[in-house]
Amino acid sequence: MKIRAIVPAVAVASALALTACSAEGDSAESTSSAAAGTDTSLTDVQEAGVIVVGTEGTYRPFTFHADGTGDLTGYDVEVARAVADELGVEVQFEETQWDALLTGLEAGRFDTVANQVGITPEREEVYEFSAPYTYSNGVVVVREDYDEIATWDDIEGQTLAQSLTSSYGTLAKESGANIEAVEGWAQSVELLNQGRVDATINDKLTWLDYKVDKGGEGLKVALETEDGSQSAFAFAGGDSALADAVTEALGTLAEDGTLAELSAQFFGDDVSVES
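Read on for an overview of the structure. (Residues numbered from 1 in each chain as written. Predicted model: local features only at pLDDT ≥ 70, side-chain atom pairs only at ≥ 80, totals over all residues. Heavy atoms only, no water.)

As a further point, take the overall build of the chain. Looking only at helices and strands, the chain has 11 helices and 12 strands in total. Residues counted as buried form 48% of the 275 residues belonging to the chain. The long-range fraction of contacts in the chain, counting pairs at least 24 apart against all pairs at least 6 apart in sequence, stands at 69%. With the model as given, the accessible surface of the chain reaches about 13200 Å², and the carbon-plus-sulfur share is 45%. (Helix = DSSP H or I, 4+ residues; strand = E, 2+ residues; numbered from the N terminus. Buried < 20%, exposed > 50% of the residue type's maximum accessible area, 1.4 Å probe, protein only. Contact = heavy atoms within 4.5 Å. Areas by Shrake-Rupley, 256 points an atom, 1.4 Å probe, with all protein chains shown as cover.)

Moving on to the packing of aromatic side chains. If you walk through the whole model with that rule in mind, you get seven aromatic pairs. Summarising the aromatic geometry, the rings of Tyr133 and Phe233 are spaced 4.8 Å apart at their centres and angled 45° between planes, so their arrangement reads as tilted. In this pair, Tyr133 sits in the loop between strand E7 (127-129) and strand E8 (134-143) while Phe233 sits in strand E12 (residues 219-236), placing the two residues 100 residues apart along the sequence. Across this residue pair, the class does not change: Tyr133 and Phe233 are buried. By way of ring pairs, the aromatic residues Tyr59, Phe62, Tyr75, Tyr133, Phe233 and Phe267 are connected into one cluster. (Phe/Tyr/Trp six-rings, centres within 6.5 Å; stacked < 30°, edge-to-face > 60°.)

This next bit is on the environment of Ala181. Along the chain, Ala181 falls in strand E10 (residues 178-181). Residue classification places Ala181 among the partly exposed positions, given a relative accessible area of 43%. For Ala181, the contacting residues outside a window of four places in its chain are Gln162, Leu164 and Gln187.

Turning next to the sheet that holds strand E3 (residues 63-65). Taken in spatial order, the three strands line up as E2-E3-E4 in an open sheet, and their pairing is antiparallel. A strand with exactly one partner marks an edge of an open sheet, and here the two such strands are strand E2 (58-59) and strand E4 (72-73). As paired strands, E2 and E3 are joined by two bridges and run antiparallel to one another. Each bridged residue has a counterpart across the sheet, and for Tyr59 the counterpart in E3 is Thr63. (Pairing = 2+ DSSP bridges.)

This is the structure:
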């Protein structure tokens, strides 16, 4: 099973005993090692003294440059830095577009990807994952004085601002809502504040980021979905030793409160645990 529960950090003695390859080794060498049953992913990173992390750098509040051109920061970035500290190595971020992140991982450009990579059954067939460090559900956001939505049955007949291509738009339709098509969250909030729609369904992380950035005055969460998403560090298939070590590092960071502190810094809430 590729999703690993967060556990306290322990020594990975057997992994340390593996013969290490150069961190600059090409993907073909890595693949042949994995095929031979030798996973050198952890020792590669340890001997290089650095873990190379693929990320976008343009995806606020997860990975972005402060003030547009400043230092790279964000929730995912700072979690990655904390994990590297636990592993006893430096961290090197390689920024690229989302579409190139997972292909770059497969090609050996990165040791891992930290960019809110959601864990899905399809991806689990190809990649290794650490334990999740982000959990999020969907939320129904309404005006603060609007009390007409208290259960999912109440969605029927209401007018919701939704992107027609999003899963939340599909959920709104299936719940019997009338849909006011929008391009994204910003337009949804604008229509909601103007009283032109009754509600919008979106990701809880988006709502929390909006509250931190804009304050969220005049709005509230009326409902939250039971099912949610989980995001984790992604690794090339077969790199289970490194994935396990990162999971152990995340366990330590959960226990000492680091993940909760980083969550509060960027979201005002703890998104590192299931709600």
